[in-house]
Amino acid sequence: MGLVNSNRTLIQQPEDFIYGCLYSPVSVRELLDSADGRGRIRQMPVAHLFFAAKDLESGEVARLLPHITEEQWTAILDLDVWSRDNVRPGAFVSWQKYIIAAQDAVARKLIRAADQELWELIFKREVQVHEKSEEDEYQGEAEQGEWLYTPDDYFLIILPPDSERARLLRDLILRLYELEPEYAARLISSAGARTSQEIEEEGYQNRKRRVEGLGFQDYFEALEIYTYLPSEEPFPEKRSETIHPVSTLPAKLPQAEEQSLLLLFKALALVTPPQEAQILLEELVFVGNKILSADQVSVADPARVKQGIRKAIMGINLGLDWWSSGDSSKAVEGLQAHYLQTFFQAGYSRLEELRKEALILSKNRSQELGSFEEAFVEGLLEGYPLLVENQDGQIQKRLFSTLQDLERAREKLRQLNL
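In this text, all values refer to a predicted model and were calculated from it rather than measured experimentally. (Residues numbered from 1 in each chain as written. Predicted model: local features only at pLDDT ≥ 70, side-chain atom pairs only at ≥ 80, totals over all residues. Heavy atoms only, no water.)

Turning our attention to the environment of Leu-281. Note on placement: Leu-281 falls in helix 16 (residues 274-294). Residue classification places Leu-281 among the buried positions, given a relative accessible area of 0%. Here the alpha-carbon distance between Leu-281 and Leu-340, two residues 59 residues apart in the chain, equals 9.6 Å. (Helix = DSSP H or I, 4+ residues; strand = E, 2+ residues; numbered from the N terminus. Buried < 20%, exposed > 50% of the residue type's maximum accessible area, 1.4 Å probe, protein only.)

This is how it looks when you write it as structure tokens:
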């Protein structure tokens, strides 16, 4: 449901606003259509480039490649190829396939941009590699499927049984050998001397360091976003350091009356000077990125990224509304004094308390609940508690976002316990 102002005009969803301002504010398609635009691509923040590139067709990606830097391509691989601490070989091949048809200079750039460990895992997991001197031992196995000798005539590579996959890997390996023969042979030898776990762990540590510099958090460290905060515990005070920005563009907040349903945006609109509000928006993205990592949301899926942003917005608003009792002036003071992450944790903690009450109710109640009441309790027992409402005769679930939502849920639980 979109936000509505006093004139009942439908307003952009808050997650769309944040996504459009700070995640994907630039159209790469438009930049590719002019010489000046193509020159600007190299200066794009990598997060902007990644989210924009996800919307491009294969031919458009090929047009983009000459205009990006090695560092930008490395970041694209970092954000899309990994799931938690595991490599997705299919995603890596899907991006690196552009090497096959790219001009030599562009292809070499893409080869250099990929971590050695990613290449090694292809030779470790996607194909079988044997030294040619051992070919008699494996010739029968090779004859049952597709295979090739490497151009240096040293390795026999048995390709996967899927013919399309085999063709793609064959072309990629041969192109790698054509451009960087010594490097290709070294990759194969290194892969054979190490275990998959060893290779993946080293690649993960390299990737972890880089993505944290981009404002995206490691999965295991991001789990702290779901830390429980007792209601009586004081909030930590902000320190002087700032959140690492993910955007170089100023994000203009919509007018406060247009965001009348969200105390968070009303308070942000009242924060002065504007630079401080911009820092708070960056902090909001920082919280959103933690949620994406903790919930194992692939940043390659814009729809789920927006869901994660919405969860961050509603969770922060819930904690802020609870802490300030809905007072806008106090909410502004809170934004300036405390971290947005703390407000999210406060909101989440109040939901956890509701979940515990709902769990006790579900275990101890002797008589059967009605369909709505049962759905209401089940909503509170979700991994992240949801508010269940009866709207025009239909049972619907949504995120908690206000103090009023909390109070309504508590009252409903009280009634069910009578």
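Here the narrative resumes, following the displayed structure.
The subject of this paragraph is helix 8 (residues 104-113). Within helix 8, burial applies to Val-106, Ala-107, Lys-109, Leu-110, Ile-111 and Ala-113. Residues of helix 8 that are buried sit in contact with helix 6 (70-81), helix 7 (89-96), helix 9 (116-126), helix 11 (163-179) and helix 12 (181-193). (Contact = heavy atoms within 4.5 Å.)

Positive phi, close to 60 degrees, is recorded for Gln-296, a residue that is not glycine. Considering the arrangement of structural elements, one finds Gln-296 in the loop between helix 16 and helix 17 (302-324). You will see that Ser-325, though not glycine, has its phi angle at about 55 degrees, which is positive. Position of Ser-325 relative to the elements: it lies in the loop between helix 17 and helix 18 (328-337). Looking at Ser-325, the relative accessible area reads 58%, which means it is exposed.

This part takes up the packing of helix 9 against helix 12. Two measures define how a pair of helices packs: the angle their axes make with one another and the distance between the axes. Between helix 9 and helix 12, the shortest axis-to-axis distance is 9 Å and the interhelical angle comes to 70 degrees. In this view, helix 9 runs roughly perpendicular relative to helix 12, as classed from their interaxial angle. Between helix 9 and helix 12 the crossing geometry is right-handed. Contacts from Gln-116, Trp-119, Glu-120, Phe-123 and Lys-124 of helix 9 reach helix 12 at Tyr-183, Leu-187, Ile-188, Ser-190, Ala-191 and Gly-192. Along the lines of polarity and charge, the residues of the contact of helix 9 with helix 12 split into 6 nonpolar, 3 polar and 2 charged. (Axes fitted to C-alpha atoms, helices over the stretch in contact; angles between N-to-C directions. Parallel < 35°, antiparallel > 145°, perpendicular 65-115°, else oblique. Left-handed = near helix turned anticlockwise from the far one by under 90°. Nonpolar A, V, L, I, M, F, W, Y, C, P; charged D, E, K, R; others polar.)

We now examine the pairing of strand 9 (residues 394-399). Bridge count between strand 8 (residues 386-391) and strand 9: 6 bridges; the pairing is antiparallel. For Leu-387, the partnering residue across the bridge sits in strand 9 and is Arg-398. Adjacent in sequence and paired antiparallel, strand 8 and strand 9 are bridged by 2 residues, among which Asp-392 carries a positive phi angle near 55 degrees. (Pairing = 2+ DSSP bridges.)

Here the focus is the packing of helix 16 against helix 17. Packing of helix 16 against helix 17 leaves a shortest axis separation of 8 Å and a crossing angle of 120 degrees. The orientation of helix 16 with respect to helix 17, classified from their angle, is oblique. By crossing handedness, the relation of helix 16 to helix 17 is classed as right-handed. Residues Leu-284, Val-287, Gly-288, Ile-291 and Leu-292 of helix 16 pack against Arg-304, Val-305, Gly-308, Lys-311, Ala-312, Ile-313 and Ile-316 of helix 17. Considered class by class, the residues forming the contact of helix 16 with helix 17 number 8 nonpolar, 2 polar and 2 charged.

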